[in-house]
Amino acid sequence: KPTLRYRLGCKDYSISCCHEIPWKTDFVSKLPQQLKEIGNFIGNGPYAVGEKITYVDFLAVEFLSHIARFSPDNFANGPVVDYMNRIKSLPALKRFYESENCTHNSYSINSPFSQWPGWPNNE
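Summarised in this report is the structure supplied together with it.

Rules behind the numbers
Residues numbered from 1 in each chain as written. Predicted model: local features only at pLDDT ≥ 70, side-chain atom pairs only at ≥ 80, totals over all residues. Heavy atoms only, no water. Phe/Tyr/Trp six-rings, centres within 6.5 Å; stacked < 30°, edge-to-face > 60°. Buried < 20%, exposed > 50% of the residue type's maximum accessible area, 1.4 Å probe, protein only. Lys NZ or Arg CZ within 6 Å of the ring centre and 35° of its normal. Helix = DSSP H or I, 4+ residues; strand = E, 2+ residues; numbered from the N terminus.

This part is about the packing of aromatic side chains. Within a pair of aromatic rings, the relevant descriptors are the distance that separates the centres and the angle that separates the planes. Evaluated as defined, the whole model comprises 1 aromatic pair. Here the aromatic rings of phenylalanine 96 and tyrosine 97 are separated by 5.4 Å at their centres, their planes lie at 65°, and the arrangement is edge-to-face. Overall, the relative accessible area of 21% leaves tyrosine 97 in the partly exposed class. The residue whose ring lies beneath lysine 88 is tyrosine 97, and the NZ or CZ to ring-centre distance is 5.0 Å.

Quick look at the environment of phenylalanine 58 now. Inspection of the secondary structure puts phenylalanine 58 in helix 3 (residues 55-70). As for phenylalanine 58 and alanine 48, which are separated by 10 residues in sequence, their C-alpha atoms are 9.7 Å apart.

Structure below.
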């Protein structure tokens, strides 16, 4: 079974999906179940793998942020959104996300030549 990251990467860089929308529809249709599984894995704990933050939390939030830009409707609320907000609210990360140094709102996620560069506020 292809992973969520693998599927997103295939969609972003696949030549076969040039200028076609069905790949996004397919990805987005499977996303709620994937997010449910991620939410179940995290559970009620403050972090992905327990009571202490690990590098997994930083990687997960970065990746989930990419998917949230790709499909914001799936990130309106729920346990995954709560988890992301918990991590992004940590004092050092909160300062970063609110600073001028944060590139999340000005740079694309993927290379500009990909099928979905991920520019902020753009499809």
